[in-house]
Each structure stands twice: as structure tokens, then as C-alpha cells.
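Breakdown of the fold
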Amino acid sequence: QVQLVESGGGLVQPGGSLRLSCAASGTIFSRNAMGWYRQAPGRERELVAFMLSGGSTNYADSVKGRFTISRDNAKNTVYLQMNSLKPEDTAVYYCNAGGTPVSGSYFPSPYWGQGTQVTVSS
């Protein structure tokens, strides 16, 4: 019903930048809250950033000031711009569509992208 396709991951040196993309289909994109998560090996999936349908954003403390979530409604795509990358940012990154924002937190829906690997290493 809802399909999300992620891209943009790869290998980057510490201090470098990547931009992740998540293209959505099956929804009216502008009406959806969207979130980015990441999961490192052996660790629980964690919320990185989310954006409400009205455009407001929120970020995990660990990425605040370095990552930016944005969306292009014409392209039905949400982005995660990642700057000043650190080795601890290494993880598989997932987008989530249509979650529920509550009091500054984001509760994910069942709709996930396939994930894209980000590796930060020298």
C-alpha cells in the first residue's frame, strides 16, 4: 500500500557529508509525518529526526546541528542531509512514513524503507 525506496548511503570519511533520499509512493506525501531512524549492528533502532506534515522538525541530540531533514513534495521525497559525519554515525538508515508525533516524539508506522547503509571510516 505504501512503498518507500531509500538511496544515498555509502562509505565516507569522518567529517564528510552524505544526503539520503526516501522516495514515497501510495500516499499523499504532503499529508504524512516522516521520520528517519538508524540501526547499528547489535543495537536497537533509534530515531534520528522527524518532520511533521506542516514542516516542523525535530532531531536527536546526537545529530542536532549536523543533520537536516527536509522534503520535496513535488518529488514525493524526504531527505536527510548528514554533515560532519562521525564513525558513531555508522548504521543502516531507514525512513518511516505516516508515524504519529506526540509531544516531541515520533511513534513509527508499519511503513519502512528497505534501509541504506552508511559507513563512516577513515
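Report on the accompanying structure. Note that the structure is predicted; figures quoted are calculated from it, not measured.

1. Comments concerning the overall build of the protein chain
Counting its secondary structure elements, the protein chain contains zero helices and twelve strands. Its helices and strands in sequence order give the protein chain the pattern β-β-β-β-β-β-β-β-β-β-β-β, from N to C terminus. For 122 residues, the compact-globule formula gives about 14 Å, and the C-alpha radius of gyration of the protein chain, at 13 Å, lands near that figure. Looking at the protein chain as a whole, 42% of its 122 residues qualify as buried.

2. Here's the deal with the sheet that holds strand β7 (residues 67-72)
Backbone-to-backbone hydrogen bonds pair the strands of a sheet. The strands run either parallel or antiparallel. One open sheet holds the four strands; their spatial order is β1-β3-β8-β7, and the pairing between them is antiparallel. Only two strands of the sheet have a single neighbouring strand rather than two, namely β1 (3-7) and β7. On average, each strand axis in the sheet is tilted by 15° relative to the strand beside it, whichever way the strands run. In this sheet, strand β3 (residues 18-25) lies alongside β1 in antiparallel orientation, the contact comprising five bridges. The residue bridging Q3 from the neighbouring strand is S25, located in β3.

3. Regarding the sheet that holds strand β6 (residues 57-59)
Across the sheet, six strands lie side by side as β2-β12-β9-β4-β5-β6; this open sheet has mixed pairing. What marks the edges here is a single partner per strand, and that holds for β2 (10-12) and β6. Each strand axis lies, on average, 25° off the axis of its neighbour in the sheet, ignoring direction. Here strand β4 (residues 34-39) pairs with strand β9 (residues 91-97) via six bridges, running antiparallel.

4. Quick word on the environment of S53
Along the chain, S53 falls in the loop between β5 (46-51) and β6. Separated by 21 residues in the primary sequence, S53 and N32 have C-alpha atoms spaced 5.3 Å apart.

5. Let's talk about the packing of aromatic side chains
Here a ring pair, both rings aromatic, is described through the centre-centre distance and the interplanar angle of the planes. In total, this model carries four aromatic pairs according to the counting rule given. Note on Y37 and W112: the rings are 5.0 Å apart at their centroids and 70° apart in plane angle, and the pair reads as edge-to-face. Here Y37, found in strand β4, pairs with W112, found in the loop between β11 (105-107) and β12 (116-120); they are 75 residues apart in sequence, far enough to count as distant. Classification of Y37 as buried rests on a relative accessible area of 6%. Through a chain of ring-to-ring contacts, the aromatic side chains of Y37, F50, Y94, Y106 and W112 assemble into a single cluster. The ring of Y94 carries R45 above its face, with NZ or CZ at 5.5 Å from the centroid.

6. Structural notes on unusual backbone geometry
Note: most residues except glycine have negative phi, and most peptide bonds are trans. Phi at N76 is positive, roughly 55°, even though this residue is not glycine. The residue N76 is located in the loop between β7 and β8 (77-82) in this model. Unlike most non-glycine residues, S103 shows phi in positive territory, near 50°. In this fold, S103 is placed in the loop between β10 (100-102) and β11.

7. Quick look at the pattern of salt bridges
Note on pairing: side chains with opposite charge can pair once their charged atoms come close. One pass over the structure, following the stated rule, counts four salt bridges. Residue K64 pairs with D61 through a salt bridge whose shortest N-O separation is 3.3 Å. Take K64: its relative accessible area is 49%, and that puts it in the partly exposed class. Through salt bridges with shared partners, a single network forms among R38, E46, R66 and D89.

Rules behind the numbers
Residues numbered from 1 in each chain as written. Predicted model: local features only at pLDDT ≥ 70, side-chain atom pairs only at ≥ 80, totals over all residues. Heavy atoms only, no water. Helix = DSSP H or I, 4+ residues; strand = E, 2+ residues; numbered from the N terminus. Rg over C-alpha atoms; globule rule 2.2 N^0.38 Å. Buried < 20%, exposed > 50% of the residue type's maximum accessible area, 1.4 Å probe, protein only. Pairing = 2+ DSSP bridges. Axes fitted to C-alpha atoms, helices over the stretch in contact; angles between N-to-C directions. Phe/Tyr/Trp six-rings, centres within 6.5 Å; stacked < 30°, edge-to-face > 60°. Lys NZ or Arg CZ within 6 Å of the ring centre and 35° of its normal. Salt bridge = Lys/Arg side-chain N within 4 Å of Asp/Glu carboxyl O.

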